[in-house]
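Chain and residue survey
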Amino acid sequence: MTFQPHTIIEPFRIKSVEPIRQTTRAERAAALEAAHYNLFLLRARDVLIDLLTDSGTGAMSSAQWAGMMRGDESYAGADSWYRFEDAVRRITGLTHVIPTHQGRAAERILFGATVSAGDIVPNNTHFDTTRANIEARGATALDLPIPEGRQPSLQHPFKGNMDVAALEHLLATDRARVPLVMMTVTNNSGGGQPVSLANLRAVRAVCRQYGVPLFLDACRFAENAWFIREREGDWAGRSPRDIAQAMFAEVDGATMSAKKDGMANIGGFLAMHDDDLARRCRDALILTEGFPTYGGLAGYDLEAIAVGLDEALDEDYLRYRIRSVAYLGDRLRQVGIPIMEPPGGHALYIDAAALLPHIPALEYPAWALSAALYLEGGVRSVEIGSVMFGQQPDGSERAASMELVRLAFPRRVYTQSHVDYLAEVLTYVHGRRDRIRGMRITSQPPALRHFSAHLAPIGGTLLAL
Ligand SMILES: *Cc1c(COP(=O)(O)O)cnc(C)c1O
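Residues numbered from 1 in each chain as written. Predicted model: local features only at pLDDT ≥ 70, side-chain atom pairs only at ≥ 80, totals over all residues. Heavy atoms only, no water.

Let's shift gears to the sheet that holds strand β12 (residues 404–408). With antiparallel pairing, the three strands of this open sheet are ordered in space as β9-β12-β11. With partners counted over all chains shown, the strands left at the sheet margins are β9 (347–351) and β11 (382–384), one partner each. Across the sheet, the mean angle separating the axes of adjacent strands is 35 degrees when strand polarity is ignored. With five bridges connecting them, β9 and β12 associate as antiparallel partners. (Pairing = 2+ DSSP bridges. Helix = DSSP H or I, 4+ residues; strand = E, 2+ residues; numbered from the N terminus. Axes fitted to C-alpha atoms, helices over the stretch in contact; angles between N-to-C directions.)

Okay, here's the thing in structure tokens:
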């Protein structure tokens, strides 16, 4: 018999290190005050473990850095562009590849070419920039997750799935107002939960029936492919690459942020089969992003992404990545911290509404919890709740459907001891949950308020000692 280890190790060794800085509680209290209790406004040097986002925060591999040295900075037709286009085509099979500086640029260009005022764009759940770009066109961004997706404690293998009957009903009654359907894999705002191939195919069938194009918001296509391999019978043991190709085969196009499963620090793309749409998108690209063979990226960025897209599909990497998040979930469950079940691909979501039942939604329990995690442990997380989603286009306010704190894992950055430390911080704060106070907003911008709003704890102290 051969040795069968139980430990899933980080499948890399460390070649370059970046120190992280310890701070005192008093220093963190002062930093929090100076940032108006908005973790987006902290200086990164004051953060010990930064789980604000997995976007663009990953470590690049030696192969990616080597690729960057090879970057061809020719304005047009650079070799780096052809390597990028080839890498995207090999995985997606999509005809036209349009590079962009990040995901939201792909969204803005796509919606600029397809969406008009009064339209409706359904999605399993829109990510915040996707929603904002649709609303900026005067259209409605409609979320159609399966009902299970809205219940944090419920176990379901594919909570990112779309409610196919709801989509069918929408198209049967309002087809003319729906220029395209989006599917987000994994479902970021819905908890990093995967979409099954069966669901994607069912959505595809409805879109075909009504003649509506289907686009993938493909930011975490590799993580989604891993979950399909682990949870969807027919696909057990298939390679993540085969599964990713099967996912892309169902769609007419995709938007992508290469800051996620592109394993790069910046970049993205828009891809599609439709020649006419591609032409209009490229025209818009030239206006604001750049020539179609670089789209706002340096040649070395295109190289890093071309290598990264393949690395994201590596089985050892995906096994380690998904396991790191699940491991934190195991530790938190043991001490009774309510998490969104099952743990997501890129992030663990804490159910702040369940953890802090004494704080009403419009006193922002998830925001208060994320501030407390920083104060006690130097951990930066992000609220996915009523601060992020409560602001309505007409200026009114409505509680979000869930109050979550997201702990997003940068790719290949932290090790198991960092995760053990996180579990300790969370356990400590959980033990003092009764003392955490709600928050109020003292100033906010007209849209996407979570990035820059100022808040203060109600009663003056966030967490009484
Ligand atoms: C990050 C993200 C985007 C936007 O990409 P950026 O590169 O941040 O502009 C869109 N959709 C989803 C699901 C995302 O996670």
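So much for the structure itself; the text now carries on.
Okay, the environment of Pro99 next. Mapped onto the elements of the fold, Pro99 is located in strand β2 (residues 96–100). Those residues within four positions of Pro99 in sequence are excluded, and the remaining contacts are Trp81, Phe84, Gly268, Phe269, Leu285, Pro292, Thr293, Tyr294, Gly295, Leu297 and Leu302. (Contact = heavy atoms within 4.5 Å.)

A complete count under the given rule lists eight aromatic pairs for this structure. Where Phe12 meets Tyr320, the ring centres are 5.5 Å apart and the plane angle is 85 degrees; that geometry is what we call edge-to-face. Note that Phe12 is positioned in the segment before α1 (25–34) and Tyr320 in helix α12 (residues 315–334), a separation of 308 residues in sequence. Here Tyr75 and Phe291 contribute two aromatic rings whose centre-to-centre distance is 5.9 Å and whose plane-to-plane angle is 45 degrees, an arrangement assigned as tilted. Taken together, the residues Tyr75 in the loop between α2 (62–69) and α3 (79–92) and Phe291 in the loop between α10 (275–288) and α11 (299–311) connect sequence positions 216 residues apart. Residue classification places Tyr75 among the exposed residues on the basis of a relative accessible area of 56%. Chaining the aromatic ring pairs together yields one cluster made of Phe12, Tyr317 and Tyr320. In this structure, Lys260 packs its charged tip against the face of Phe127, placed 5.4 Å from the ring centre. The aromatic ring of Tyr428 is capped on one face by Arg432, whose charged end is 3.7 Å from the ring centroid. (Phe/Tyr/Trp six-rings, centres within 6.5 Å; stacked < 30°, edge-to-face > 60°. Buried < 20%, exposed > 50% of the residue type's maximum accessible area, 1.4 Å probe, protein only. Lys NZ or Arg CZ within 6 Å of the ring centre and 35° of its normal.)

We now examine the packing of α3 against helix α9 (residues 240–248). Packing of α3 against α9 brings their axes to within 7 Å, and their N-to-C directions diverge by 85 degrees. Comparing the axis directions of α3 and α9 gives the class roughly perpendicular. Contact residues: Arg90, Ile91 and Thr92 in α3; Arg241, Ala244, Gln245 and Phe248 in α9. (Parallel < 35°, antiparallel > 145°, perpendicular 65-115°, else oblique.)

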